[in-house]
Structures are given as C-alpha cells and as structure tokens.
Amino acid sequence: MLVNMRDLLHDAQEGNYAVGSFSVANMEMVLGVLKAAKKLNAPVILQIAEVRLKQSPLEVIGPLMVAAAEAADTPVAVHFDHGKTTEKISQALELGFTSVMFDGSHLPLEENIAETKKIIALAEQYDAAVEAEIGCVGGSEDGSEDIAINCTKPEDAVRFAEETGVDALAIAIGNAHGNYKSTPKLRFDILEECEKAVDAPLVLHGGTGISPDDFVKCSKTGIKKINIATATFDMVEKTVHDCYNENSINGYYDLQAAEVNGAYENAKRHILIFGSDNKAEVL
C-alpha cells in the first residue's frame with residue numbers, strides 16, 4: 001500500500017523504532033525489499049537519489065517504484081533522496097512519490113531554510129512529505145567525493161525545524177555515505193540534544209557500516225528513518241558473485257533471483273535491527 005512517509009515516521013515516533021529507507025536501482029532490488037517487508041510485516045521506504053539517475057532514469061524507475069508500493073502488502077512510502085534540483089524534485093512528485101528530500105546541507109543555514117521552504121510549498125500541492133538536511137554527512141551519495149563530516153549544531157537544528165516545519169530532518173553526527181574507512185564514532189551527545197529540542201523525526205544517512213548496537217541506540221534516540229544504500233548494492237553484488245562461484249546460475253532468471261535475494265536478505269537484516277518488524281498490518 002502506497003503511503004505518505006509522514007505517517008510512517010509518526011508511527012515510528014509513537015512506537016519508538018526506526019523505518020528502513022532502502023535505495024534501489026532496479027526492479028530486482030524493489031522486489032527484494034518488498035519481499036522482506038512482507039515477510040517481517042514491516043513498513044518500509046523505497047528511495048532513489050538524484051545522483052543515481054544517470055544509471056536509473058527517474059522516468060523509468062519512478063513509475064516502477066510507485067506501482068510496486070501500491071501493490072505491496074505492507075505500507076510503503078516512495079521517497080526521492082538527496083534532491084538537488086527543483087526540476088527533478090518536481091518530476092518525482094508528478095510521478096507519485098509520497099516524499100522528497102531537498103539537500104541544501106551545502107548552503108548557509110539561512111539559504112538552506114529559504115530553499116527548503118520553497119520545496120515544502122511545492123510538495124504541499126501533492127500532499128507529499130519533505131525531508132531536509134543540516135550539517136554535512138561525510139562522503140557523497142554516489143561515493144565519488146570524500147566530503148568531510150561537519151556535525152550538526154543542535155541550535156541550528158532547532159531553528160531550522162521551527163522555521164520550516166519540515167516533516168523529517170537529517171542530521172550529521174559522525175555518519176558518512178558509502179563504506180566507512182574506519183569504525184564510525186557517532187556523536188550521541190549531539191543526537192540526544194537534537195532529540196530533546198526538535199519535534200520533527202530525525203534521519204540518519206550513511207547507514208552502511210554502523211554497528212547493530214549503534215543502530216538500536218539511534219532508533220531509541222530520535223532517529224526514525226535510517227537510509228541504507230551501499231549495503232544493498234554490496235549485498236546484491238556479493239550474492240550474485242557467490243551464486244556464480246557455486247555454479248547455481250544457469251541462465252538469466254537465476255541471475256534475477258540472486259539479485260532479488262541479495263536485496264531481500266539485506267533489507268530483512270536491517271528491518272530486524274531497526275525494530276520495525278511486526279509494525280504493519282498485512283493487507
């Protein structure tokens with residue numbers, strides 16, 4: 001069932017768990033994530049980032065994501081991640097995405113607030129939720145840049161949330177996109193300050209490589225949406241590689257099944273860690 005991300009995150013706040021937001025690049029990944037959601041009776045979010053559209057054009061994968069969510073047995077939001085341009089954010093909204101992210105984290109705070117408010121006004125026409133980001137999460141979404149982490153200032157988070165009324169706020173607490181070069185040391189002191197002062201659900205980007213214990217602590221300390229991208233891509237690749245090594249792929253449809261299974265196992269693992277299993281009524 002296609003739902004608004006705003007509703008999923010509200011339920012997560014009430015139930016004190018986090019919802020997994022899984023980046024997808026093809027139909028097989030979509031099918032794998034939704035298979036895990038059905039198996040574990042969990043709400044999930046399907047997402048794609050603007051930087052990934054060169055490989056997966058929005059006009060092709062967007063309708064697929066929306067149709068799959070509509071046919072799903074559990075609540076599924078469809079999210080446009082790290083939106084940089086109004087053009088692509090608008091296209092996602094036209095295609096039926098139920099939430100969009102405007103990433104103005106590289107902008108000065110006042111400009112980020114002003115630009116986010118413009119996207120919120122646009123999204124309101126579609127009754128879609130909006131996520132924004134302050135601070136700078138390390139790395140880039142596609143792994144092409146080694147961007148330094150700039151942790152969110154709690155007072156900036158308070159001002160941003162109050163002035164924009166954004167539906168979800170991504171903060172930087174030592175997390176980074178892509179595979180970590182060393183074990184991440186999350187700033188739970190910053191997270192705790194933000195949780196106490198900000199009413200909006202908080203979002204954790206760069207989930208790949210964070211320990212299960214830290215995930216659980218985040219989910220109990222204000223983080224209600226956790227993005228998983230690299231872990232999905234890595235698991236799909238590994239599963240296919242292993243199947244070839246085991247000589248268990250004999251044709252295209254075995255390859256397809258391996259891709260689905262890789263996305264399924266990755267999503268299942270994270271749903272259980274985030275505590276969102278059995279948080280949805282199966283239709």
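See above for the structure.
All figures in this text were calculated on a predicted structure; none of them were measured in a lab.

### Observations concerning the packing of aromatic side chains
- In this structure the tally under the stated criterion is 3 aromatic pairs.
- Ring centres of phenylalanine 80 and phenylalanine 97 lie 6.3 Å apart, and the angle between their planes is 80°; this geometry places the pair in the edge-to-face category. Taken as a pair, phenylalanine 80 in strand β3 (residues 76–83) and phenylalanine 97 in the loop between α4 (86–95) and β4 (99–102) lie far apart in primary sequence, 17 residues in all. In this pair, the class of phenylalanine 80 matches that of phenylalanine 97, namely buried.
- With a centroid separation of 5.1 Å and an interplanar angle of 80°, the aromatic rings of phenylalanine 215 and phenylalanine 274 are classed as edge-to-face.

### A few points about the packing of helix α2 (residues 27–40) against helix α10 (residues 252–274)
- In contact at an axis separation of 7 Å, α2 and α10 are set at 45° when each is read in the N-to-C sense. By the angle between their axes, α2 is oblique relative to α10. α2 and α10 meet at a crossing whose hand is right-handed. Where α2 approaches α10, its residues Met27, Glu28, Met29, Leu31, Gly32, Val33, Lys35, Ala36, Ala37, Lys39 and Leu40 are matched on the opposing element by Tyr252, Gln256, Glu259, Val260, Ala263, Tyr264, Ala267, Lys268, Ile271 and Leu272.
- Of the residues assigned to the contact of α2 with α10, the class counts are 14 nonpolar, 2 polar and 5 charged.

### Quick word on the nonpolar core
- The biggest cluster of nonpolar side chains holds 71 residues, and the ones touching the most others in it are Met65, Phe80, Phe97, Val100 and Leu169.
- Looking at this core, the element that brings in the most residues is α2, giving 7 residues.
- Counting residues in each nonpolar core, the second largest holds 13 residues, with Leu8, Ala12, Tyr17 and Ile45 among its members.

### Overview of unusual backbone geometry
- At aspartate 127, a residue that is not glycine, the phi angle is positive and equals roughly 55°.
- Positionally, aspartate 127 belongs in the loop between α5 (109–124) and β5 (129–133).
- Exposure remark for aspartate 127: the relative accessible area of 53% places this residue in the exposed category.
- In this model, asparagine 278 sits at a positive phi of 60°, which is unusual for a non-glycine residue.
- Looking at where asparagine 278 falls in the secondary structure, it is placed in the segment after α10.

Here is what the cut-offs are and how they apply
- Residues numbered from 1 in each chain as written.
- Predicted model: local features only at pLDDT ≥ 70, side-chain atom pairs only at ≥ 80, totals over all residues.
- Heavy atoms only, no water.
- Phe/Tyr/Trp six-rings, centres within 6.5 Å; stacked < 30°, edge-to-face > 60°.
- Helix = DSSP H or I, 4+ residues; strand = E, 2+ residues; numbered from the N terminus.
- Buried < 20%, exposed > 50% of the residue type's maximum accessible area, 1.4 Å probe, protein only.
- Axes fitted to C-alpha atoms, helices over the stretch in contact; angles between N-to-C directions.
- Parallel < 35°, antiparallel > 145°, perpendicular 65-115°, else oblique.
- Left-handed = near helix turned anticlockwise from the far one by under 90°.
- Contact = heavy atoms within 4.5 Å.
- Nonpolar A, V, L, I, M, F, W, Y, C, P; charged D, E, K, R; others polar.
- Core = buried A, V, L, I, M, F, W, Y, C linked by side-chain atoms within 4.5 Å.

The values are spatial; any link to function lies outside them.
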